[in-house]
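Coordinates in review
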Amino acid sequence: MTNDRRLGLAVAQMGPVNLADTRKSVVARLVEMLREGASRGAELVVFPETALTTFFPRYWMSDEEATERFFETSMPSAATQPLFDVARQLSVGFYLGYAEATPEGRRFNTAILVDRSGKIVGKYRKIHLPGHSDHKVEAPFQHLEKKYFEVGDLGIPVFEAFNTRVGMCLCNDRRWPETWRVMALQSAELGILGYNTPSWNIHWNEPPHLRMHTHLVSLQAAAYQNGMWIGAAAKCGFEDGFHMIGGSVIVAPSAEIVAQSLTEADEVIFANINLSWGENIRNHVFNFAKHRRPENYRLITERTGAGEPLKPAA
Ligand code: CDT
């Protein structure tokens, strides 16, 4: 028997944001999708990673130039204030990914959670930064997250908001089971994220169809193994000629996809999710308190890379 506790959840996928696009024009697109989400019953709208700009880690430039062009030094800012204002007017919250420059000169790949009164109630800074920090001159494009961002310093927090518990992550974090388990151990019922996933992998000759496959399989496994809902928003299509996958989804704790984008453009998907649906999973097959055996998982926190097998107990 499951209770019925509902949340109107929208995922607002974005088509490309090209280098020439202004923050103002991007925020206008976000506002339009916020309005559409609200009109369909959303209480929370999930936007992508680095939603305000092109996915600039594909370009080599000086740190100073990157900071000047692509990072936000305040949030809200003059350019993003309309999004916060409309959120308050419509009583709809949102998740937004952006590049954050702190007053101390630190730079993070960040996401915020904004409640239905337009107030920031949560912040996450991306932990799993993919790519490289050197200039790969031969590569068709770069993936310079390790150059432009520091590893997040806020842990993997879960926030009491939207009458539930919400965990946040960003893009590559979704591929790591640790991300989701840490959220679930804080009783998160919903995990949300934005992503920019290039269709081509510059590190090895990965068939492009696997980019969509591994994206979906990561989210579906995470949802089921942690008894959580997941909402994931892509920025996708050809940004200045560089293609990124779409496939924005809302995934149920049963691992089923209940909504998925059809296009590689701005597109809102919606589901009226039953937050209690995960209880069947969390009370039975993945009843953590009853079945987890952390004394056998020491290597997860003690080792970073793979090493030698442990000596068998005598
Ligand atoms: N933005 C981001 O984290 N993208 C990565 C690409 C990995 S390939 C270097 C992703 O996991 O989708």
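It should be noted that the structure appears before, not after, this text.
Anyway, here's the lowdown on the structure attached to this text. (Residues numbered from 1 in each chain as written. Predicted model: local features only at pLDDT ≥ 70, side-chain atom pairs only at ≥ 80, totals over all residues. Heavy atoms only, no water.)

Let's talk about the overall build of the protein
Under the convention used in this document: Under the scheme used here, helices are H or I runs from DSSP no shorter than 4 residues and strands are E runs no shorter than 2 residues, and both carry numbers assigned from the N terminus. Only C-alpha atoms enter the radius of gyration; for comparison, a globular chain is expected to reach 2.2 Å times N to the power 0.38, where N is the number of residues. Under the scheme applied here, a residue whose accessible area is under 20% of the maximum for its type counts as buried, over 50% as exposed, and between as partly exposed, the area being computed with a 1.4 Å probe on protein chains only. Note on contacts: a residue pair qualifies if any of its non-hydrogen atoms lie within 4.5 Å across the two residues. Per-residue and other accessible areas were derived by the Shrake-Rupley procedure at a 1.4 Å probe size, with only the shown protein chains allowed to occlude residues. In this charge count, Lys and Arg are treated as positive and Asp and Glu as negative; neither His nor the chain ends contribute. Each charge is placed at NZ for Lys, CZ for Arg, CG for Asp and CD for Glu.
For the protein, the count of helices and strands is nine helices and 14 strands. The globule rule puts the C-alpha radius of gyration for 314 residues at 20 Å, and the 19 Å found for the protein is close to it. Across its three principal directions, the C-alpha atoms of the protein cover 60 × 50 × 40 Å. Each of the 314 residues in the protein was classed as buried or not, and the buried ones make up 54%. Taking contacts inside the protein between residues at least 6 apart in sequence as the whole, the part at least 24 apart equals 70%. For the protein, the computed accessible surface area is about 14200 Å², with 54% contributed by carbon and sulfur atoms. Of the side-chain charges in the protein, 33 are positive and 35 negative, and the distance between the mean point of each set is 5 Å.

Some details on helix α3 (residues 81-90)
What counts is decided by this rule: Our arc is simply the arc of the directions from the helix axis toward the C-beta atoms.
Turning to α3, its buried residues number three or more, namely L83, F84, V86 and A87. Looking straight down α3, one finds its buried side chains confined to an arc of 165°; they lie on one side. Structurally, α3 contributes buried residues whose contacts are with α1 (23-39), β3 (93-101), β4 (107-114) and β5 (120-125). Positioned one or two residues after α3, S91 has a phi angle of 55°, which is positive.

Examining unusual backbone geometry
The omega angle of the peptide bond from M75 to P76 is 0°, so this bond is cis rather than trans. For P76, the position within the fold is in the loop between α2 (63-70) and α3. Positive phi, normally seen in glycine, also occurs at F162, with a value near 55°. Along the polypeptide, F162 turns up in the loop between β6 (158-161) and β7 (164-170).

A closer look at the pattern of salt bridges
Where we set the bar: In the sections that follow, a salt bridge refers to a side-chain nitrogen of Lys or Arg positioned within 4 Å of a carboxyl oxygen of Asp or Glu.
Applying the stated rule across the entire model yields 25 salt bridges. R29 is the partner of D266 in a salt bridge, and the nearest nitrogen-oxygen pair spans 2.8 Å. Residue D266 is found in the loop between β13 (257-260) and β14 (267-274), and its partner R29 is found in helix α1; the two are separated by 237 residues along the sequence. Since its relative accessible area comes to 32%, D266 is described here as partly exposed. Across the pair R58 and E239 runs a salt bridge whose closest N-O atoms are separated by 2.7 Å. You can see R58 sitting in the loop between β2 (44-46) and α2 and its partner E239 sitting in strand β10 (residues 237-239), a full 181 residues away along the chain. With respect to class, R58 is no different from E239; both count as buried. Several salt bridges converge on common partners, so that one network encompasses E100, R106, K123, R125, E150 and D153.

Regarding the packing of helix α5 (residues 177-184) against helix α6 (residues 208-226)
What counts is decided by this rule: An axis is simply a line fitted to the C-alpha atoms; with a helix, the fit covers only the stretch in contact. Between two such axes, the angle follows the N-to-C directions and lies from 0 to 180 degrees. With respect to orientation, any angle under 35 degrees is reported as roughly parallel, any angle over 145 as roughly antiparallel, any angle of 65 to 115 as roughly perpendicular, and every other angle as oblique. Should the near helix be turned anticlockwise from the far one by less than a right angle, the crossing is termed left-handed; should it be turned clockwise, right-handed. When residue character is reported, Ala, Val, Leu, Ile, Met, Phe, Trp, Tyr, Cys and Pro are called nonpolar, Asp, Glu, Lys and Arg charged, and the others, Gly included, polar.
Look at α5 against α6: their axes get within 10 Å of each other, and the N-to-C directions meet at 30°. Considering the angle they form, α5 stands roughly parallel to α6. Every pair of crossing elements has a handedness; the one defined by α5 and α6 is right-handed. Listed contacts from α6 to W180, R181 and A184 of α5 are L219, A222, Q225 and N226. By residue class, the composition of the contact of α5 with α6 is four nonpolar, two polar and one charged.

Re the sheet that holds β5
The condition that has to hold: Only strands that DSSP links by at least two bridges are regarded as paired with each other.
With mixed pairing, six strands are arranged side by side in an open sheet as β5-β4-β3-β2-β1-β14. Edge positions in the sheet fall to β5 and β14, since each has one partner strand and no second. Between one strand axis and the next, the sheet turns by 25° as a mean value, whatever way the strands run. Packed on one face of the sheet, α1 meets β1 (6-13), β2, β3 and β14 and runs near 35° to β14.

Details of the pairing of β6
Direction of pairing for β6 relative to β7: antiparallel, over a ladder of four bridges. Among the inter-strand pairings, A161 is bridged to a residue of β7, identified as T164. The turn linking β6 back onto β7 is made up of two residues, and F162 within it adopts a positive phi angle of 55°.

Side note on the nonpolar core
Nonpolar side chains in soluble globular proteins tend to be buried together. Defined as follows: For the purposes of this section, nonpolar cores are sets of buried Ala, Val, Leu, Ile, Met, Phe, Trp, Tyr and Cys residues that join through side-chain atoms within 4.5 Å.
Counting 49 residues, the largest nonpolar core has L113, W180, L190, I192, L193, I250 and I273 as its most contacted members. Among the elements that make up this core, the one with the highest residue count is strand β9 (residues 229-234) (five residues). Membership of the second largest hydrophobic core comes to 27 residues, among which are V17, M33, A42 and A87.

Description of the site of the ligand
Inclusion rule: A cutoff of 4 Å decides nearness: a residue is near a molecule or strand if any of its heavy atoms lies inside that distance of it. Polar contacts, as counted here, are pairs of nitrogen or oxygen atoms within 3.5 Å of one another; within protein the pair requires one atom able to donate a hydrogen and one able to accept it, and residues that are adjacent in sequence qualify only if both atoms are side-chain atoms.
Looking at the ligand, there are 14 residues lining it, with K126, C171, N172, R175 and T197 nearest. Interatomic distance of 3.1 Å between a side-chain N/O atom of E145 and a nitrogen atom of the ligand. Taken by itself the ligand offers 360 Å² of open surface, and the protein chains cover 94% of this. Among the residues forming the shell around the ligand, the class breakdown is three nonpolar, five polar and six charged.

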